[in-house]
Amino acid sequence: MLAVVAAVLVVAAVDVGVFVGTRGSRSDTAQAQPAHAADQVAVIDPRTRQVVDRVQVGHAPTAVAAGYGGAWVLNKGDGTLSHIDGRTHRLVGTSRLDVTANDLAIGAGGVWFAGRRRAGAQQALEMAQLERIDPATDAIDRTFDTRTGAAVIAAGGGAVWSTGYLGGHVRGAARSDALTGAMQKVDIEIYGDLVAADDRAAYWVASIGDRVARVSTRTRLLTASLPLATDASLAAGRIPPNPTDLAVGGGAVWISAVDGSLIRIDPNLRGIVTSIPVCRNALNVAYGEGAVWVACGDNTVVRVDPATDEAGAPIDVGSLPRGIAAGAGAVWVTLN
């Protein structure tokens, strides 16, 4: 789960969001593990570490974000966004988006998504839109037009942090103020295609260059950069990690990798703390509900205890996970 240029183009507040209410009921057969679950969100109880429910959503769900009492699911196949109640696991509603959204982020006052407009004349690659949903009303309350091909975003420290095209097919990172939409380029010295943030810092990972960059949310300046592979390890013939996702929480930065490892990094990028074997292929990672959760390519989710760095037993979710989030009392896994 890209962002921003140095000048604001348009800041428009949208008063009404279109939302089609589609109620669902909690399944009585939540423990069943279908061989090929599709277009569903598996709900894991973080205490029992079992799948306790399944929620049917739109076509081809991918990204998911949790917080503000619920979970929001991006259905890439039909261009919609589903809202699930965190307590009842009922589908509150599904809305069609006016952009081809690529990613979701939660924080900075709401649920954010980014993408290119569906209608209109052909647009330059750097043209994109950031929109925010008020979690209390399910209405869009922020719309920012940007000159960036926003695709991966994170929210924290009163802003949306992203990476994308900054014009002239140049890729880079940016910050967008959550209140005004004011944007500025952020120099991170790498092209970070993965991004995560909390209130103290934003982090980018270059999955090809195997490097992590940290930017202070207060000063908006690069404070540290860390390679994921040392010259010595490369000289010894060790293959560098191939990052797949990024999360922050529990006093650490967490990176999932193709080889099934979970890399724990000091939040100030003072070094790699440890590498934890989790599964054969780690696809996504999320922090929340007191633990780190890794979605794996063998149709499982693995919980990692941040206090001990120990991986628990795999939790079968019945199909390939495409996204994972932890919050609002559960772990939410999109199945596609």
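Anything mentioned here points back to the structure above.
A brief structural summary. Note that this is a predicted model, so its numbers are computed, not measured.

Rules of the game
Residues numbered from 1 in each chain as written. Predicted model: local features only at pLDDT ≥ 70, side-chain atom pairs only at ≥ 80, totals over all residues. Heavy atoms only, no water. Buried < 20%, exposed > 50% of the residue type's maximum accessible area, 1.4 Å probe, protein only. Helix = DSSP H or I, 4+ residues; strand = E, 2+ residues; numbered from the N terminus. Disulfide = S-S within 2.5 Å. Pairing = 2+ DSSP bridges. Axes fitted to C-alpha atoms, helices over the stretch in contact; angles between N-to-C directions.

### Structural notes on unusual backbone geometry
Peptide bonds are mostly trans, and most non-glycine residues show a negative phi. Notably, R49 is not glycine yet its phi reads approximately 60 degrees, a positive angle. For R49, a relative accessible area of 39% gives the class partly exposed. Phi at D138 is positive, roughly 60 degrees, even though this residue is not glycine. Residue placement: D138 occurs in the loop between β10 (128–134) and β11 (139–146). Here D138 falls in the buried class, since its relative accessible area comes to 10%.

### What about the state of the cysteines?
Under the criterion given, the structure shown has one disulfide. The disulfide partner of C279 is C296, and the gap between their sulfur atoms is 2.2 Å. Between C279 and C296 the disulfide shows an S-S torsion of about -90 degrees. By sign, it is left-handed. Highlighted residues: C279 in the loop between β23 (272–277) and β24 (282–288) and C296 in strand β25 (residues 291–296), separated in sequence by 17 residues. One exposure class covers both C279 and C296, and it is buried.

### Brief notes about the sheet that holds strand β7 (residues 91–96)
Here four strands make up an open sheet; going across it, the order is β4-β5-β6-β7 and the pairing antiparallel. If you trace the sheet from one side to the other, it starts and ends with β4 (61–67) and β7, each paired once. Across the sheet, the mean angle from the axis of one strand to that of its neighbour is 20 degrees, orientation sign disregarded. Of the pairings in the sheet, the one linking β4 to strand β5 (residues 70–75) comprises five bridges and is antiparallel in character. Bridged to G67 within β5 is G70.

Any functional reading would require information beyond the geometric quantities listed.
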